[in-house]
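# Breakdown of the fold
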Amino acid sequence: MKPAPTRGKIGYLSIHVPEEIILGAGRLPYRLLGRGKPVKRASAYLPKTFDPSVLDSLEGAIEGEYSFLEGVIVANVSDAHRRLYDAWRVAWATPDRGEPKKVFFLDVPKGADALRVRAFSLALSALMREMEVALDVRISPEGLREAIGLCNETRILLQRLARLRRQKKPPLSGHDFFDVVSWAQRNDKSYVNQRLRLILQELETARCNGAVGPRLMLTGSPLGSPGLISLIERLGAQVVCEDLCTGMQYFSDLVEEDSPEPLNALARRYLDIPTARMADTRARWGYLHKLAEEYDVTGVIYFTLKFDDIYLFEYPFIRNKFQKAGYPVLLIEAENFLTNVGQIETRVQAFTEMLG
Amino acid sequence: MTIVEDQRKRQREFFTLQFQKRLKRPRGYSPLKSSQARERAMFRLLLESFREGSSVVWKSTFVPSEIIYSLGAIPLYVESFSAVASAVDICPPMLDASERCGYSRDSCTFLRAVLGASHKDILPRPDALVSTSYYCDGDPKIFDIFAEEYKKPHFYLHVPYAAEAGWAVDALAEQLEEVAIELAKVMGKPFNRERLSEIIQSSNEARRYLLKANELRRHVPSPMLGCEAIDYIASITQLWGSPELVRISRLLCEELEERIEKGVAAVEPEQFRFLWCHLRPYYNDEVFNYLEGHHKAVVAFESVNLITWKEMDPGKPFKSLAEKLLANPAIGPYERMTREVAKMVKDYQIDGIIWMSPWGCRHFNSMAQLVKDGLRREMDVPFYILDLECIDKRNYSKEQVRTRLDAFIEVLAGKRG
């Protein structure tokens, strides 16, 4: 086994994939956020009635847009992702696409209690062994601890940045915040932390002027780009918090740093992320409600991608809960690129006007 | 809303009437006695679950019924309620109700029908709910929502994707034992391991008969219509562990043996032999009647009747049940399913595969193209992905389906030359 070098990027799609394991293998974690374009060739592998963000990722793989990656980790976070693992392997194994890259798989339970944490620890351990063999490295407990420290620092800094949006006049827009979080998921963590400290220094002392429209929470399916947030903010509202796996869920909790078993600590933290895919609906609602109160929102926009069953099944339950708690909710169902902009604009405009 | 026993009684009477109508429906074939016994057993199970004092556990597809029977409770596989409701034509209002609640028409109709039925409060009420990660995304989510609504506990089983990994069996067995103990607490009785061992023996006995029936169905010409065989859904029936399933499967073997001995064919003259993958439309028999009656193309076997698990060890019930769950070829990479489909094609001398693909199904649909391409690398067998809805008759178009089937039959005929 060679010592872990700092080189190469490993792509991942879900925030239930511990970045620390990729860093422990001496690679840079690179979050795949999608291309936001219509798909053509992916439909030859998977049905059209499928999570569009998954089809989008597969299209990127087929088109060679991820050829800079050494490999990719697909997690079992949905029926669609599970099958993406198969299709991605087939797509990358096609001889005309150059040297085959490694597609790793991580099984993720939908519960966070002791037995499910143990099962996830075993799955993480299996992933680590597979990565060690494929990349010819050793992922040591020390390497994992170091990576946990680095990623926790990123989380703490992003949490501070997010808290600035609790102010009556937030010093940064939802669009800018989304861009920062996306960028943090695709770049070297030491550099990210250094830059985040500078951004915070500037924003924590900034004075904000100007009127602020209705304060909104955005929740639902993954967004690959801030297009929808820009559209909402152009219409006079402000997205002050977002329960998205490409937003605040990314840094929702810290990993325990002093645990004698770093892998177990990772398993606990990554199952505690309150994504909609987890089965515990009560915990999920508790998290959403707390978020709405802490960020003092006046309304909620629930976004679902077409055919994204997790959200399509969750929506009526969460909508009812929000409405009972006094928060108006607007549902937007769309593709992963905004095709029906005019229709969405009209609905968001009417919603923000209603919120006053 | 409090449901009083008087209303429960009326619900039982309503469903009894519907089932009687269903049993007397005109059919294009003369059903086997075992098939009629199976239908009656399913209806009895549902009616029992409406009875005051019955303990009912709602389960998703692969939750082992054996554990629930061992606790003296009734396993209610809620998706089968949707199938029954579709068969007795009460599904459209259930689906309408779910749509009015905000559930998307793009999602699974089995689950939406249950959501609508729950909203209309026509379901037997659960004492507890158990779901697994297979199938599919919707199950654990809506089971947890139901648990909130009915104020009952929901237990979730994570079935490892790495079904063949060394640790998978133990990780799942631990969870199964935990669920059994927790369910026993809900029922207010201690968990009885010996009783579970007895149930496992019963399950093994039924498995032996159903395996034999599957063997008998390899006979050419086929002794049984796919139209009635597919309803056994041997891989997922909630009757596993019940004495009824032993009786039904034994009778099925006897009847198939008798038919083979007497030279009775399900379809005469048998023109083609199909493998049917996935479930079926429950609102009518037209597709099967058209294939088997009009085209004389028998559905010789169905993927849902595949039994892939080995005999269970009653002394190690949880480990055995874990192995049973993990033997499911739909778990893990698509190559596992491709392997099984290839085997079925050989075992049943299949001429063509029909892979039914309902609009709202993400789990099974998503494998279709991958399995088709995988098979193509191994064998030359025509494979047709048929868009067809299981539950919602509003999305069924008789002529469109017939045209597609005609075209597929033409391909098979052309291949034969």
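Analysis parameters
Residues numbered from 1 in each chain as written. Chains lettered and ligands numbered in written order. Predicted model: local features only at pLDDT ≥ 70, side-chain atom pairs only at ≥ 80, totals over all residues. Axes fitted to C-alpha atoms, helices over the stretch in contact; angles between N-to-C directions. Helix = DSSP H or I, 4+ residues; strand = E, 2+ residues; numbered from the N terminus. Parallel < 35°, antiparallel > 145°, perpendicular 65-115°, else oblique. Contact = placed C-beta atoms within 7 Å. Nonpolar A, V, L, I, M, F, W, Y, C, P; charged D, E, K, R; others polar. Buried ≥ 20, exposed ≤ 12 C-beta atoms within 10 Å, placed from the backbone. Pairing = 2+ DSSP bridges. Right-handed = clockwise from strand over helix to strand, strands pointing away. Domains from an automatic or database assignment. Core = buried A, V, L, I, M, F, W, Y, C linked by C-beta atoms within 7 Å. Expected span 1.5 Å × (residues − 1). Arc of directions from axis to C-beta. pLDDT = per-residue confidence, 0-100. Left-handed = near helix turned anticlockwise from the far one by under 90°.

### Considering the packing of helix H11 (residues 309-324) of chain A against helix H7 (residues 138-150) of chain B
Where H11 of chain A contacts H7 of chain B, the axes come no closer than 9 Å and their chain directions differ by 10°. Between H11 of chain A and H7 of chain B, the interaxial angle falls into the category roughly parallel. Of H7 of chain B, the residues touching H11 of chain A (which contributes Asp-309, Ile-310, Phe-313, Glu-314 and Phe-317 of chain A) are Gly-138, Lys-141, Ile-142 and Ile-145 of chain B. A class-by-class count of the residues in the contact of H11 of chain A with H7 of chain B yields 5 nonpolar, 1 polar and 3 charged.

### Considerations on the pairing of strand S7 (residues 352-357) of chain B
Residues and elements named next belong to chain B. Across the 6 residues that make up S7, a large majority, 5, are buried. Pairing between strand S5 (residues 272-277) and S7: 4 bridges, direction parallel. Within S7, the position partnered with Phe-274 by the bridge is Gly-352. Two elements, S7 and strand S8 (residues 383-387), share 5 bridges in a ladder whose sense is parallel. The residue bridging Ser-357 from the neighbouring strand is Asp-387, located in S8. Note that the unit made of S7, helix H15 (residues 368-376) and S8 has a crossover that is right-handed.

### Notes on the domain arrangement of chain A
Residues and elements named next belong to chain A. When its domains are assigned, chain A resolves into domain 1 (9-137) and domain 2 (143-355). Taken over C-alpha atoms, the centre of domain 1 sits 23 Å from the centre of domain 2. Secondary structure elements with two or more residues in the side of domain 1 that touches domain 2: helix H1 (19-24), strand S2 (28-31), helix H2 (52-62) and helix H4 (114-135). Counting residues per element, the side of domain 1 that touches domain 2 draws most heavily on H4, at 6 residues. Partitioned by chemical class, the residues of the side of domain 1 that touches domain 2 number 15 nonpolar, 10 polar and 8 charged.

### Remarks on the sheet that holds strand S1 (residues 9-12) of chain A
All names here are of chain A. Spatially, 4 strands are ordered S2-S1-S3-S4 in an open sheet, and the strand pairing comes out parallel. A single partner strand is all that each edge strand has here, and the edge strands are S2 and strand S4 (102-107). On average, each strand axis in the sheet is inclined to that of its neighbour by 30°, with strand direction left out of account. Sheet analysis places strand S3 (residues 71-76) next to S4, joined by 6 bridges and oriented parallel. Directly across from Ile-73, in S4, lies its bridge partner Phe-104. Each of S3 and S4 touches H4; the most contacted strand, S4, lies at about 165° to it.

### Points about the nonpolar core
If you look at the biggest cluster of nonpolar residues, it comprises 252 residues, and the most contacted ones within it are Leu-58 and Trp-88 of chain A together with Phe-274 and Leu-275 of chain B. Summarising the domain contributions, this core has at least three residues from each of domain 1 (9-137) and domain 2 (143-355) of chain A. Contact partners of Phe-274 of chain B, with chain neighbours within four places excluded, come to Leu-291, Ala-297, Val-298, Val-299, Ala-300, Ile-350, Asp-351, Gly-352 and Ile-354 of chain B.

### Section: the sheet that holds strand S1 (residues 56-59) of chain B
All names here are of chain B. Taken together, the 4 strands give an open sheet; going across it, the order is S2-S1-S3-S4, and neighbouring strands pair in parallel fashion. Both outer strands of the open sheet, strand S2 (74-77) and strand S4 (154-157), are each paired with one neighbouring strand and no more. With strand direction ignored, the average angle separating the axes of adjacent strands in the sheet is 25°. Along the sheet face, helix H4 (residues 78-87) touches S1 and S2 and points at about 65° away from the line of S2.

### Looking at helix H14 (residues 334-347) of chain B
End to end, H14 of chain B covers 20 Å across 14 residues, agreeing with the expected 20 Å (1.5 Å per residue, within 8%). Those residues of H14 of chain B not exposed but buried are Tyr-334, Met-337, Thr-338, Val-341, Met-344 and Val-345 of chain B. In a view along the axis of H14 of chain B, the buried residues occupy a sector of 125°, so they form one face of it. Those residues of H14 of chain B that are buried are in contact with helix H3 (79-92) of chain A together with S5, strand S6 (297-302) and H15 of chain B.

### Quick notes on the confidence of the model for chain B
Put simply, chain B has an average pLDDT of 93, and 99% of its residues get 70 or more. Predicted complex metrics record ipTM = 0.93 and pTM = 0.94.

### Brief notes about the interface of chain B and chain A
Each partner contributes to the interface: chain B provides 37 residues, whereas chain A provides 39 residues. Within the residue set of the side of chain B that touches chain A, elements represented by two or more residues are H7, helix H8 (168-187) and H15 of chain B. Considering every element that reaches the side of chain B that touches chain A, the biggest residue donor is H7 of chain B, with 7 residues. For the side of chain B that touches chain A, the class distribution of residues is 18 nonpolar, 11 polar and 8 charged.

### Focus: the confidence of the model for chain A
Residues and elements named next belong to chain A. Taken residue by residue, chain A gives an average pLDDT of 93. The fraction at 70 or more is 96%. Mean pLDDT per element in chain A: helix H12 (residues 341-355) is the minimum at 93, and H1 is the maximum at 98. Ignoring residues within four places in sequence, the model shows residues 1-6, a span with pLDDT below 50, making 11 contacts including any to other chains.

### Overview of the environment of Arg-83 of chain A
Secondary-structure assignment places Arg-83 of chain A in helix H3. Classification of Arg-83 of chain A by C-beta neighbours within 10 Å gives buried; the count is 27. The residues touching Arg-83 of chain A, leaving out its near neighbours within four places in the chain, are Leu-46 of chain A together with Ser-366 and Met-367 of chain B.

### Overview of unusual backbone geometry
Residues and elements named next belong to chain B. Pro-221 follows Val-220 through a cis peptide bond whose omega is 0°. If you trace the backbone, Pro-221 turns up in the loop between helix H9 (193-216) and helix H10 (226-229). The omega torsion of the bond from Glu-268 to Pro-269 falls at -10°, within 30 degrees of zero and hence cis. Structurally, the position occupied by Pro-269 is in the loop between helix H11 (243-262) and S5. One non-glycine residue, Asp-89, adopts positive backbone phi at about 60°. Following the sequence through the fold, Asp-89 ends up in the loop between H4 and helix H5 (91-101). Even without glycine at this site, Ile-233 takes up a positive phi of about 25°. Mapped onto the secondary structure, Ile-233 falls in the loop between H10 and H11.

### Some points on the packing of helix H5 (residues 141-163) of chain A against helix H7 (residues 189-204) of chain A
Residue and element names in this part refer to chain A. Interhelical geometry of H5 versus H7 gives an angle of 25° and a closest axis separation of 10 Å. Comparing the axis directions of H5 and H7 gives the class roughly parallel. H7 is crossed by H5, and the crossing has left-handed handedness. Contact with H5, carried on its side by Leu-150, Cys-151, Glu-153, Thr-154, Leu-157, Leu-158, Arg-160 and Leu-161, involves Lys-189, Ser-190, Val-192, Asn-193, Leu-196, Arg-197, Ile-199 and Leu-200 of H7 and no other residues of that element. Grouping the amino acids of the contact of H5 with H7 by side-chain chemistry returns 9 nonpolar, 3 polar and 4 charged.

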